[in-house]
2 protein chains.
Amino acid sequence: MINPHRYCVIMCGGIGSRFWPYSRTNLPKQFIDFLGTGRTLLQMSYDRVTAFIRPENIIVVTNELYAALVKEQLPELTDAQILCEPARRNTAPCIAWAAYHIKAIDPEASIIVTPSDHLITRESIFVESIIRGFEFVETNDALLTLGITPTRPETGYGYIQIGAQAGEGINEVKTFTEKPDIELARVFLSSGEFFWNSGIFLWHLSSIIKAIREYMPDVARAFETSTAMGTADEDRFIKETFPAFSAISIDFAVMEKAPNVFVECVSFGWNDLGTWSALYDNSPRNRDANVAQNCNLISYNSTGNILAVRNPDKLVVIDGLHDYIIADAGDVLLICPKAEEQRIKQMVNDTKLAHGDKYL
Amino acid sequence: MINPHRYCVIMCGGIGSRFWPYSRTNLPKQFIDFLGTGRTLLQMSYDRVTAFIRPENIIVVTNELYAALVKEQLPELTDAQILCEPARRNTAPCIAWAAYHIKAIDPEASIIVTPSDHLITRESIFVESIIRGFEFVETNDALLTLGITPTRPETGYGYIQIGAQAGEGINEVKTFTEKPDIELARVFLSSGEFFWNSGIFLWHLSSIIKAIREYMPDVARAFETSTAMGTADEDRFIKETFPAFSAISIDFAVMEKAPNVFVECVSFGWNDLGTWSALYDNSPRNRDANVAQNCNLISYNSTGNILAVRNPDKLVVIDGLHDYIIADAGDVLLICPKAEEQRIKQMVNDTKLAHGDKYL
């Protein structure tokens, strides 16, 4: 039987600009069937938690721009399960709202907070890990973050250094670190003490509320002095209040400050799909090491490319291309070396300068 | 005043497969605004001859598949001015039909025969040259071909070696040659005796009819034993007879055999636009030497590319590409080095093998 006090908050408001033009302002990454499996990343995130969360206990927090997309992709959700942010304020205000929202429903709740756009390939290990994490936070006043056992000296992720053991597969956190350079990443990898910061969190409602009161007192005060939460007035209250909150991540606002932060060290085939190269690395390749999901590809003398074509019926013929991103969104075509993908941000800016919002 | 006995035959039945996928079976090269001028190559071919040919004396010979396209692009034409071939039989049967068709209208006609998909940049020199050519063929029993003064050692064209002078800018033909290798092309260029074979012809009706009788006796017999030409029965006659003609070019069938072949040496900015590289060489380039007509291009570290995008509203962003063809026809995207464009024929074949006619 699924524990009825367990809740899931899926954060689904991002715009996925690093995958432009495949990911667009009006159809970000989490709403796309990125891996060609027939389910979007959001749908996969939802499916994954239904093993241990009651469907009615799943809350999706998104930007109001994407409410229709969420409803379309997850018709199982009632309107009350979709929280629409009126402004982008990073993860801390999002998580705070979700916490106070759930508090009005079930003060005994424990919660998993998860992004909607990550890849997890070993679902049964994921489920075991999360259940173990829930058991820890339900018996300890703990803010638990999931640390992924690193498999390569990745420079694109933040790392968590573990301290003393606190439970089965659970340790105290010694430090959070920023993205390292390649030398430091190699040291981290070989040390065995550093884990990738996944952005997946577990806590009991009482623990996160306590932390919000301590580290985000303005936000806590706004929610606690209102009588709107859990009533028909909640939406109006959020529209008025939420945009005034500071945009800050939960890592900066809470996790790096609180004394009761723990890390569960896990290994379930995780990738944040944060870059085209990450997507390439996590996708099945054809015999020429090209990744061409959902795409009719005919290739000559071409290797190591990743193709993402919005129209599954489009034929792509390539010759003499090695290690390129080819992304065709219908009205925008991007061709860019994988090694230059950090330039996509500049491309988006240049496109905005030249054409306004038309192609964003 | 325009000489009312002068006629123009525009040959417009080709499929332009070397420009696949931009040129398609259902929309070949001549029907496309290839240079982004607002007029298709066919329309430009038509416009160009109206300086010296009465509009009602312009005949377009096309494949029946393209009759609607011709009417749409040249609404000035009456149905009687559009000859629809029921089968592709190369240029000789096409020219023979046009000759007998015109014979039924005006036995005193002189005719210019021209492809519909070439580029001519210096129109006033073209007009002067053609008028001079008409005057020659109207006073001599001559099959006149236009030889373009070569400007580079081109290996993609056939050449004509000139003999003794026969008129102002007009010479006897010593030899027709096949496409030379680069060494030979250099010799041709420096000799001053070799000119590019343009595929543009001028002759009096009586001269071409005489040649058809001599070198294509079966074809002549078919037309001359019929009473259908110039009547309502012509179409039915062609449908029955034309497919039985051998597919052969006018060069092989007549020009390389007849004794009365002459060449007018001209220089009017001609290019047959036979390849992507030729199109690139004849198109205005942006500051990075990319050719991107009719296309919103944002480029980084990219030079020497030619972009052809059917949707003029599409944004193309490229990075790290040098000397590529990028052709987006909506349902087919081709990315191929310019130096590999001879492989496009194989690509078309491979596409047909994999997908049938869908993407041709």
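Source: prediction; values computed, not measured. (Residues numbered from 1 in each chain as written. Chains lettered and ligands numbered in written order. Predicted model: local features only at pLDDT ≥ 70, side-chain atom pairs only at ≥ 80, totals over all residues. Heavy atoms only, no water.)

Enquirer: Give me the lowdown on the overall build of chain A, citing residues and values where you can.
Expert: The helix and strand inventory of chain A stands at 11 helices and 16 strands. Along the first, second and third principal axes, the C-alpha set of chain A runs to 60 × 50 × 40 Å. The buried share of chain A, reckoned over its 360 residues, is 57%. Within chain A, counting contacts between residues at least 6 apart in sequence, those at least 24 apart form 66% of the total. For chain A, the exposed surface amounts to about 14,400 Å²; the carbon and sulfur share of it is 50%. (Helix = DSSP H or I, 4+ residues; strand = E, 2+ residues; numbered from the N terminus. Buried < 20%, exposed > 50% of the residue type's maximum accessible area, 1.4 Å probe, protein only. Contact = heavy atoms within 4.5 Å. Areas by Shrake-Rupley, 256 points an atom, 1.4 Å probe, with all protein chains shown as cover.)

Enquirer: Could you give an account of unusual backbone geometry, with specific residues and numbers?
Expert: Residues and elements named next belong to chain A. Cis peptide bonds are those with omega within 30 degrees of zero, and the linkage from Trp 20 to Pro 21 qualifies with 0°. The topology assignment puts Pro 21 in the loop between β1 (6-11) and α1 (41-49). Positive phi values are uncommon outside glycine, yet Asp 323 reaches one of about 65°. Here Asp 323 shows up in the loop between β14 (315-319) and β15 (324-328).

Enquirer: Tell me about the sheet that holds strand β12 (residues 296-300) of chain B, residues and numbers included.
Expert: Reading across the sheet, the 5 strands line up as β13(A)-β15(A)-β16(A)-β14(B)-β12(B) and stay open at both edges, with mixed pairing between neighbours. A strand with exactly one partner marks an edge of an open sheet, and here the two such strands are β13 (306-309) of chain A together with β12 of chain B. Going from strand to strand, the sheet's axes swing by 5° on average, the running direction of each strand aside. As paired strands, β12(B) and strand β14 (residues 315-319) of chain B are joined by 5 bridges and run parallel to one another. Looking at β14(B), one finds that Leu297(B) is bridged to Val316(B). (Pairing = 2+ DSSP bridges. Axes fitted to C-alpha atoms, helices over the stretch in contact; angles between N-to-C directions.)

Enquirer: I'd like a description of the sheet that holds strand β15 (residues 324-328) of chain B, backed by residues and values.
Expert: Read from one edge to the other, the open sheet built from 5 strands follows the order β12(A)-β14(A)-β16(B)-β15(B)-β13(B), with strand pairing classed as mixed. Of all strands in the sheet, those with a lone pairing partner are β12 (296-300) of chain A together with β13 (306-309) of chain B, marking the two edges. Sheet twist, expressed as the mean angle between neighbouring strand axes with direction ignored, is 5°. In this structure, β15(B) lies alongside strand β16 (residues 332-337) of chain B, joined through 5 bridges in antiparallel fashion. Each residue of the ladder has a partner; that of Ile326(B), found in β16(B), is Ile335(B). Docked against the sheet, helix α11 (residues 344-355) of chain B engages β12 and β14 of chain A together with β15 and β16 of chain B, running at close to 145° with respect to β12(A).

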